[in-house]
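So the chains spell out like this:
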Amino acid sequence: MIVVMRPGAPKEEIDGVCSLIRSQGLEAFVSEGQERVIIGVVGVDIERVAHIGTLPGVEQALRVTSPHKLASLEHSTERTRIKVGDATIGAGSPLVVMAGPCSVESREQLFATARWVRREGAHMLRGGAYKPRTSPYAFQGLGEPALKMLAEAREETGMPVVTELTDPGDVELFDKYVDIIQIGARNMHNFVLLRAAGQTRRPVLLKRGLAATIDEWLMAAEYVLSAGNSNVILCERGIRTFERATRNTLDLSAVPVLREMTHLPIVIDPSHGTGKRSLVGPMALAAAAVGADGLLIEVHPDPPHARSDGDQSLSFQEFGSLMDELRRLEYLRANGKKTTRPPEVPVGVGGIRERIDSIDEQLVQLIDERARLALAVQSAKGMDAHGHDVERERALVERAMASSSGVMDAEELQQILTAVVRASRAMQRRHAALQRQMVDLGGG
Ligand code: PEP
Ligand code: MN
């Protein structure tokens, strides 16, 4: 800490400041400038002189070290990487997607969602068992039976589960069933709960409070870290502002801001951050682009009939398309190689049109054949595999460019191929959903 004295502050005031510092077991280094005196404060527990700025003669007291002792980059310049089951989050690991319903409503709803999000490539399963709702009359969650269902869904799908802890008394129960303990936005300031979560061995996903500054959020993380649990994941879920077009204002700048302050992994929750289904995808992509370590996304088999947060829950199809987009985003970062071949020269208008007609006919047949083959690949892989291979998509574009005459540029070629691939993915997904429905109806 640096204490800046007022210009011309008398010796008694300077001595007063120094003796307070020394009386608290800290060291004071006095530096006399032409106009004013500056006192450097050195020691471990700087909090003891937190109010030094109010002493007579002091103009201002500036902290030079971060108050976030354990969360800050001063404590550890190495970014925290947390391994949960097969997934690793943080420190530059690939984006981790945690998806599932807002609340666990029934076995069928949870398992259908778990299987689907797994199929589409999600890494972890979310689902609330205890719901801290704004209204005491709203659905409060199924409690312990939901925890058991989550653990069973983990057994079947292999996805670790993340769910919210609302009562410090439930810590043992959570240790038994849960892989990541979520602390909800409404509980970010519940210090008893934070300490309890700090005493477990489970990683803690700490949501940002509805009206919390980044500084307060990191201080909440300090409660968990200082209680002995070093595995804290920060989750931005939108803050309350004057804006009413979205449920909350999703603060995506929190990602780069936190990167400069902390080594902890950062997850974005675009579901609660926007409150609106149509906005979840775009903000999820933006979060990935800005470098978030993970995403927390609400998905429901029948969003309009969800018992909580239906407006912001993605349908299965919407979640599938978003996962494809996220894979494509990574693909777009890679550089494609460009090779061209001399163009073929067309001859005579009539002849050209005839040739175009015949090509269109062949295209229709080829697209139909391609669709049938895409379905065959899907059934060979099993309907629970997402089957999306970005490398193959990329190779397709590269091959197309290599064999193209160069008459269409890379972007135009890509537009056509992307349309074919996207339609094919939508078709595969539609068939998988139908097949899944038939299996479920048949009791499988
Ligand atoms: C949730 O993730 O289901 C939830 C209740 O979130 P938040 O605490 O951010 O409102
Ligand atoms: Mn929710």
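Residues numbered from 1 in each chain as written. Chains lettered and ligands numbered in written order. Predicted model: local features only at pLDDT ≥ 70, side-chain atom pairs only at ≥ 80, totals over all residues.

### Some points on the overall build of the protein
Stage number 1. Scanning the protein for helices and strands turns up 13 helices and 14 strands.
Stage number 2. In terms of C-alpha radius of gyration, the protein reaches 28 Å, well past the compact-globule figure of 22 Å for 444 residues.
Stage number 3. Considering only C-alpha atoms, the protein reaches an extent of 100 × 60 × 40 Å along its principal axes.
Stage number 4. In the protein, which comprises 444 residues, the proportion classed as buried is 37%.
Stage number 5. Excluding contacts between residues fewer than 6 apart, the proportion of contacts in the protein whose partners are at least 24 apart in sequence is 67%. (Helix = DSSP H or I, 4+ residues; strand = E, 2+ residues; numbered from the N terminus. Rg over C-alpha atoms; globule rule 2.2 N^0.38 Å. Buried ≥ 20, exposed ≤ 12 C-beta atoms within 10 Å, placed from the backbone. Contact = placed C-beta atoms within 7 Å.)

### A word on the site of ligand 1
Stage number 1. Around ligand 1, a shell composed of Cys102, Gly128, Gly184, Ala185, Arg186, Lys207, Arg237 and His272 is seen.
Stage number 2. Classifying every residue of the shell around ligand 1 by side-chain character gives two nonpolar, three polar and three charged. (Near = placed C-beta within 6 Å. Nonpolar A, V, L, I, M, F, W, Y, C, P; charged D, E, K, R; others polar.)

### Observations concerning the sheet that holds strand 14 (residues 294-298)
Stage number 1. A barrel is described by the order of its strands in space; here eight strands give the closed sequence 7-8-9-10-11-12-13-14, paired in parallel fashion. Taken pair by pair, the neighbouring strands of this sheet meet at an average axis angle of 25 degrees, ignoring direction.
Stage number 2. Across five bridges, strand 7 (residues 96-100) lies against strand 14 in parallel orientation. Bridging from a neighbouring strand, glycine 100 pairs with glutamate 298 of strand 14. (Pairing = 2+ DSSP bridges. Axes fitted to C-alpha atoms, helices over the stretch in contact; angles between N-to-C directions.)

### What to know about the domain arrangement of the protein
Stage number 1. What the domain assignment reports for the protein is domain 1 (2-62), domain 2 (82-331) and domain 3 (335-441).
Stage number 2. The straight-line distance from the C-alpha centre of domain 2 to that of domain 3 is 36 Å.
Stage number 3. Contact residues are listed per partner, giving 15 residues for domain 2 and eleven residues for domain 3.
Stage number 4. Elements with a contribution of two residues or more to the side of domain 2 that touches domain 3: helix 2 (107-119) and helix 10 (316-333).
Stage number 5. When grouped by side-chain class, the residues that make up the side of domain 2 that touches domain 3 number four nonpolar, three polar and eight charged. (Domains from an automatic or database assignment.)

### Examining the sheet that holds strand 3 (residues 37-42)
Stage number 1. The strand order across the open sheet formed by four strands is 2-3-1-4, and the pairing between neighbours is antiparallel. Looking at the sheet topology across the chains shown, the edges are occupied by strand 2 (27-32) and strand 4 (58-62). Across the sheet, the mean angle from the axis of one strand to that of its neighbour is 20 degrees, orientation sign disregarded.
Stage number 2. The sheet contact formed by strand 2 and strand 3 spans six bridges and is antiparallel. Residue pairing for strand 3: serine 31 is matched across the bridge by isoleucine 38.
Stage number 3. With respect to the sheet, helix 1 (residues 11-23) is in contact with strand 1 (2-5), strand 2, strand 3 and strand 4, its orientation differing from that of strand 2 by roughly 155 degrees.

### Comments concerning the environment of glycine 33
Stage number 1. Residue position: glycine 33 is located in the loop between strand 2 and strand 3.
Stage number 2. Separated by 26 residues in sequence, glycine 33 and proline 7 have C-alpha atoms that sit 9.7 Å apart.

### Structural notes on the nonpolar core
If you look at soluble globular proteins, the nonpolar side chains tend to sit buried side by side.
Stage number 1. Residues Leu206, Ala221, Ile233, Leu234, Val267, Leu295 and Ile297 are the most contacted members of the largest nonpolar core, which totals 79 residues.
Stage number 2. The leading source of residues in this core is helix 6 (residues 214-226), at seven residues.
Stage number 3. Non-local contacts of valine 267, meaning those with residues more than four positions away in its chain, are made with Leu205, Ile233, Leu234, Cys235, Ala292, Asp293, Gly294, Leu295 and Leu296.
Stage number 4. Counting 13 residues, the second-largest nonpolar core is a separate cluster that includes Val3, Val37, Val49 and Ile52. (Core = buried A, V, L, I, M, F, W, Y, C linked by C-beta atoms within 7 Å.)

### A look at helix 13 (residues 410-441)
For an α-helix the count is 3.6 residues per turn, leaving residues at separations of three or four pointing the same way.
Stage number 1. Taking 1.5 Å as the rise per residue, helix 13 with 32 residues should run 46 Å; its terminal C-alpha atoms sit 46 Å apart, in good agreement.
Stage number 2. Every buried residue of helix 13 is accounted for by Val421, Arg425, Gln428, Arg429 and Ala432. (Expected span 1.5 Å × (residues − 1).)

### Regarding the environment of asparagine 231
Stage number 1. Inspection of the secondary structure assignment puts asparagine 231 in the loop between helix 6 and strand 12 (232-236).
Stage number 2. Residue classification places asparagine 231 among the buried positions, given that 23 C-beta atoms sit within 10 Å.
Stage number 3. Note: C-alpha distance between asparagine 231 and proline 56 (175 residues apart in sequence) is 43 Å.
Stage number 4. Aside from chain neighbours lying at most four places away, what touches asparagine 231 is Ile82, Pro203 and Val204.

### As for the packing of helix 12 (residues 390-403) against helix 13
Stage number 1. Put simply, helix 12 and helix 13 touch, their axes get as near as 10 Å, and they point 135 degrees apart. Judged by the angle between their axes, helix 12 and helix 13 are oblique. Where helix 12 crosses over helix 13, the two elements pack in a sense that is right-handed. In this structure, helix 12 uses Glu393, Leu396, Val397, Ala400 and Met401 to contact helix 13, whose residues at the interface are Ala410, Leu413, Gln414, Leu417 and Val421.
Stage number 2. Here the residues of the contact of helix 12 with helix 13 sort into eight nonpolar, one polar and one charged. (Parallel < 35°, antiparallel > 145°, perpendicular 65-115°, else oblique. Left-handed = near helix turned anticlockwise from the far one by under 90°.)

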